[in-house]
Each structure stands twice: as C-alpha cells, then as structure tokens.
Amino acid sequence: MPDQPFDRRELLKRAGITGVAGLSPLVSASAISAAEASASRKRNRIHEENEKPGTTDWQLTRVMVNKGSYRTSLIEGYCDRQSVAAGETLSICVSTDPARQYALDIYRLGYYGGTGGRHMLHVGPLLGETQPIPEMTAEPERLRECQWKPTCSITIPEDWLSGVYLGKLTTIPDSPAEPYWQSYVIFIVRDQRKADLLFQCSDNTWQAYNRWPVNESLYTHPAGAHAPDVSVSFDRPYGKYCQIFENPLSVGSGEFLLWEFPLAYWLEKEGYDVTYGCNCDCISADFIERCRVMLSVGHDEYWDVRQYHAVEHAIQKGVNVLWLCGNSVFVDSPFTGNASNIPLRRLTRKGFFGEVREDEDAKYRSLFAGTAGTAPDERNIMGVRSVVPFNGGGDWTCSNEKHWLFAGTGMKNGDSIPGLVGWEHHGEPDLSLPGMEVVAEGTIWSGGVNPGKYEAVVFHGPQGNLIFNASTIFWAQGLSAPPGHWIPWSHGSRPHGPDPRVQQMTRNLLTRCLGE
C-alpha cells in the first residue's frame, strides 16, 4: 500500500461504514481502526513476503508416537542451533528407525493468504539411519544429550526473511505397501535489521518441558518438579507436547504452534514490520534495542539472568515491551555449552526470579524441593509476577474502562472475554512502578475449583515507553486461528478463539508503541 496520508472521513466513506443501520459500535469501531492502521502502515518486507504463494502443506499428515508417550522413533531430528542468520550453515541431525530414506521440506511460517506457510526448500532423498539414544547422566543433572551425526546441512540463503521455520521430515517407503511417517525440526532465522517489532520465541520453555525420549524434562526429577541443578539439552528432538492436550503437530515443533503461532500469523496478516529471535538471542541488549517493541509470547517461563538484564537495559533505553504471556520470567536457568563446548545449548534450573514467599513455599514445598530465589524480582521488568496458585482458568475482565487500551472495543467495567486467562497467569503488581495501572483483573479457578487472582497491567519506562502485561498464556488465542490450530482446554476452562476485542486491544497497544 502506498505510503501516503489518509483522510479519516474519506476512509469511512470508502469502507461503507458511515450511516449503516444495525452495525454495532463494537464492529464499527474495530473495522474503522483496523482500516486506519492498515492504510497508514508503511509497506515493508513482511508485506512483500506474504504476497508470495503459500501452502497448507507445512502441516504434518501422518504422525505416530510409537515409543512411550512422547516419542516417534520412525523419523525424528533436531537442529544444531536454535537460530541462524543468512549466510550461516545449519546442520540437521535425523534418525530413522528402521533405517529409511527421507525427504526434508522447509517452510517459513506466516500468513501467506491464510495458508500459514511458504515452501522454501526441498531436499532429498536423503539417507536416514538409526542414531543412538543417549544415556541419562546421574542426579541431580539427569541430562539426555544426543551427539548424532548431521545428515543434512543447509546454508541459509540471503533472501530468507527472519521468521520461524519448520523442517518437515518425511520417510520414503521402500514399497507401496508401507506408509510414510513425518515429524518436524524447528529453527529461527534471525537478522540484525532495524524493525518495529521483535517477536521473541519462548524456546527455552519448549525445551524445559520436552520429555524426549522417555520422561526427561526439567519437571520429572524424583526430588520434585522444581528441583535445582537439573539440566536439559537442545541437542535432542522435541517430543509430543506433554500438557493440556495431545496435539500431533507438536511432534518436533516444540510449543510454537500451540501458543505463539496465532500471534505471528495475525501480525503478518496485519502487515506489521516484525523480526524474530529466540531466548538465547535476547541475552544481547543490542539484539533487542534495534527494535521499537519487544514481544514476549505465550509461555516464556525459563530465562538466563543475562536476558533479564538485557531487557532491563532495553527498557531504560526506551524500548516498549508487550508481555503477551503468562508464568514468564519465573525460573532462573543459565545457559551453558554442550559436550562439544558449543555455547547456549544446555539449560539448568538454578532458582527463581524474585523471592519465594511463605505462602508459596508452604503450598508448593514438595514441588520446589529446596529451590529458592536466585535472580532479581521479575516485576521490575514485567510489572507483575507468577502468583499462587500458578495455574488455572478464567475470564479476562475489564476493570478500567476509560483506559485507552479499551478504545474501540466497546468494553465496560465487568465485561469479560471468556476463557482468555489460562492456563498460567500473573498478578500482584508492583504499585510503585511509574504510571502503574491495573486494566483487567479477576478470578482464576485452579483445578476448576480453587480460586486465585490475576491482574493485567500497563506502566511506563523512563523514556515514556510502554510496558503492558496481559497476564495470560492464552492472549494469542484471541487473535487468530491458523490452519491446524487447536484451541486449548485446561482446568475446566477454554478460550473461544479469535475475538475482535483482543485484536483491537493489540492494535491499540501497537499503535501507542509505534506512534502510528
């Protein structure tokens, strides 16, 4: 779309909105604001990328978990790094059992006319072999780390735009009498360009909950689910997601498709200038500060303290931060190198951000297993924190109707978006932070019956920059429903999917942050 001024009244005429009988204030306000934002937004590389032909073939068709509850041995793999820049080489380690030839198809995820992905590369046939399952190290570490041989290496082309990329692995049957099987590998293409939005994927948390190959996550230690000094490695496949629901598209893709993709899909549909990174990229303040807005998305629980300080520095420098997430910046989990001394490939639970409070310790002593506060209070950068009970489900309820966040939504105090809070959340705002305002609050029900409280907040950084915390993992569920997406259900509660009020609030936030 040309970069030129627009006249609001003329825009309304063209949209055919003025004077239309029976059009509700909610619908008209949302439509006007969306049209205005689209008309004023400069054409950028995201517009150009999403005009290219898309396909729904990025989805897995045939998936079989055949080893325990989480693993497929038929075809599985991992990448040798979490993110890669154009010009760098990515090695992919694949195992097939039984040994089979296989093909690799790589897709960039985005909007692409509603298809959700663009086919970037086909490689194959490739020779697959059965690679060994590593032994577990002794307690407390309990590490499973593969040292598989790379079976494919790709130099990232210069024209591959930053984004989240899926590699679809497909076995090639020896005969027509044999079926094919599939799984994913996932990686992020990063860049250093200046962009409006930085979409930080929550891949530390994907790996923390990954139970591949048998039951080896940071939550399966005999001493307790939050025992210290337990480690996990990125040098292993992602098994099937282990919480809330059993989604076959999670095999090999971590948790991106579940909690984060609806936001990426919506941002690219709307034409926002967005670039992507992972948790380890964001230990560098420079990586964050080149962008005007940082987005933390979904379930962003596990952080190296260096990332905390990088975000703290970025806020001091005027970067806006939108926490569209829940239970975030909770576990202090430093990065270390793997067996080959490649940095940033292991996570170890050290402790918690902020202090463990007496009521939390009393209620969750068996889970904490001696783990204590070891890192700064997360409220300094988020405004709120994870609170007891940690999980549950509830409705996201307006409590500050005059706030600009609700402009164009039609929401009044007490109006709720059903099921948008879950399955983990934030609360207990630090009221001493500049400009702190609670914009939504209410009750969650843990286990469907035990009450807790969430609070969503807005406050200011030192440069007049904006920090917003939606206080729910499910925020992106209200933005879009890409192909293959499943609505989650937990603690007896579920969101309803895309909601024009969530879309409008997100536009309002980005408009403020970007000065559109």
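Reading guide: rules and limits
Throughout this description, residue numbers start from 1 for each chain and increase along the sequence as written. Totals for whole chains, interfaces and linings use all residues, but because this is a predicted model, local features are given only for residues with pLDDT of at least 70 and pairs of side-chain atoms are given and counted only at 80 or more. Only heavy atoms go into the side-chain values, all of them from the structure, while hydrogens and water stay out. Per the convention used, a helix needs a DSSP run of H or I reaching at least four residues, while a strand needs a run of E reaching at least two, with both numbered from the N terminus. Only C-alpha atoms enter the radius of gyration; for comparison, a globular chain is expected to reach 2.2 Å times N to the power 0.38, where N is the number of residues. Think of it in three bands: with a 1.4 Å probe and only protein chains considered, a residue is buried below 20% of the maximum accessible area for its type, exposed above 50%, and partly exposed in between. Residue contacts are defined here by distance: any two heavy atoms, one from each residue, within 4.5 Å place the two residues in contact. What is meant by a nonpolar core is a set of buried Ala, Val, Leu, Ile, Met, Phe, Trp, Tyr and Cys residues, joined one to another through side-chain atoms within 4.5 Å. Here a polar contact is recorded for every N or O atom pair within 3.5 Å, except that within protein the pair must consist of a potential hydrogen donor and a potential acceptor, and residues adjacent in sequence are included only if both atoms are side-chain atoms. For two strands to count as paired, DSSP must find a minimum of two bridges between them. Whenever a helix is involved, its axis is fitted only over the stretch in contact; in every case the axis is a line through C-alpha atoms, and angles between N-to-C directions fall within 0 to 180 degrees. For this classification, under 35 degrees means roughly parallel, over 145 means roughly antiparallel, 65 to 115 means roughly perpendicular, and everything else is oblique. By definition, any crossing whose near helix is turned counterclockwise from its far helix by less than a right angle is left-handed, and any crossing with a clockwise turn is right-handed. When residues are sorted by character, Ala, Val, Leu, Ile, Met, Phe, Trp, Tyr, Cys and Pro go into the nonpolar class, Asp, Glu, Lys and Arg into the charged class, and all the rest, Gly among them, into the polar class. Ring pairs are drawn from Phe, Tyr and Trp, using the six-membered ring of Trp, whenever the two centres fall within 6.5 Å, and their geometry is named by plane angle: stacked under 30 degrees, edge-to-face over 60, tilted for the rest. For a ring to carry a charge above it, either NZ of a lysine or CZ of an arginine must fall within 6 Å of the ring centroid while also lying within 35 degrees of the normal to the ring plane.

Before going further, it helps to examine the overall build of the protein chain. Looking only at helices and strands, one finds 10 helices and 24 strands in the protein chain. Relative to the 2.2 N^0.38 estimate, which gives 24 Å for 516 residues, the radius of gyration of the protein chain is 23 Å and therefore close to what a compact globule would have. Along the longest, intermediate and shortest principal axes, the C-alpha atoms of the protein chain span 65 × 55 × 40 Å. Counting the 516 residues in the protein chain, one finds 60% classified as buried. Long-range pairs, those at least 24 residues apart, make up 73% of the contacts in the protein chain between residues at least 6 apart in sequence.

The next point concerns the nonpolar core. Grouped together as the largest cluster of nonpolar side chains are 79 residues, with contacts concentrated most on Phe-199, Phe-256 and Trp-396. Ala-310, Val-321, Phe-459 and Ile-467 belong to the second largest nonpolar core, which has 30 residues in total.

Attention shifts here to the side chain of Thr-371. With respect to the secondary-structure elements, Thr-371 resides in the loop between helix 8 (358-368) and strand 19 (373-375). Overall, the relative accessible area of 7% leaves Thr-371 in the buried class. Polar contacts involving the side chain of Thr-371 include one to the main-chain carbonyl oxygen of His-226, which spans 2.4 Å. For Thr-371, the contacting residues outside a window of four places in its chain are His-226, Ala-227, Pro-228, Arg-349, Lys-350, Gly-351, Phe-352 and Val-356.

Turning next to the sheet that holds strand 17 (residues 346-348). The antiparallel open sheet is built from 3 strands, whose spatial order is 10-17-16. The open sheet has two free edges, formed respectively by strand 10 (231-233) and strand 16 (335-336), since each of these has just one partner strand. When strand 16 meets strand 17, the two strands line up antiparallel, connected through 2 bridges. In the sheet register, Phe-335 faces strand 17, and the bridge partner there is Leu-347.

For any two helices packed against each other, one specifies the crossing angle of their axes together with the interaxial distance. Where helix 5 (residues 256-270) contacts helix 10 (residues 500-514), the two axes come as close as 12 Å, and the packing angle between them is 65 degrees. Between helix 5 and helix 10, the interaxial angle falls into the category roughly perpendicular. In this structure, helix 5 meets helix 10 at a crossing whose hand is right-handed. Two secondary-structure elements touch here, helix 5 through Trp-266, Leu-267 and Glu-270 and helix 10 through Gln-503, Thr-506, Arg-507 and Leu-510. Residue composition of the contact of helix 5 with helix 10, grouped by class: 3 nonpolar, 2 polar and 2 charged.

Evaluated as defined, the whole model comprises 29 aromatic pairs. Ring centres 5.9 Å apart and planes at 80 degrees place the aromatic pair Phe-261 and Tyr-265 in the edge-to-face group. Residue Phe-261 and its partner Tyr-265 are both found in helix 5; the two are separated by 4 residues, about one turn of the helix. Its relative accessible area of 2% is what places Phe-261 among the buried residues. Residue classification places Tyr-265 among the buried residues on the basis of a relative accessible area of 9%. Members of the aromatic cluster, each reached through a chain of ring pairs, are Trp-58, Tyr-111, Phe-199, Trp-206, Tyr-238, Phe-256, Phe-261, Tyr-265 and Tyr-276. Arg-62 extends its terminal NZ or CZ atom over the ring of Tyr-180, reaching a point 5.8 Å from the ring centre. Here the basic side chain of Arg-290 rests over the ring of Phe-287, its NZ or CZ set 4.3 Å away from the ring centre.

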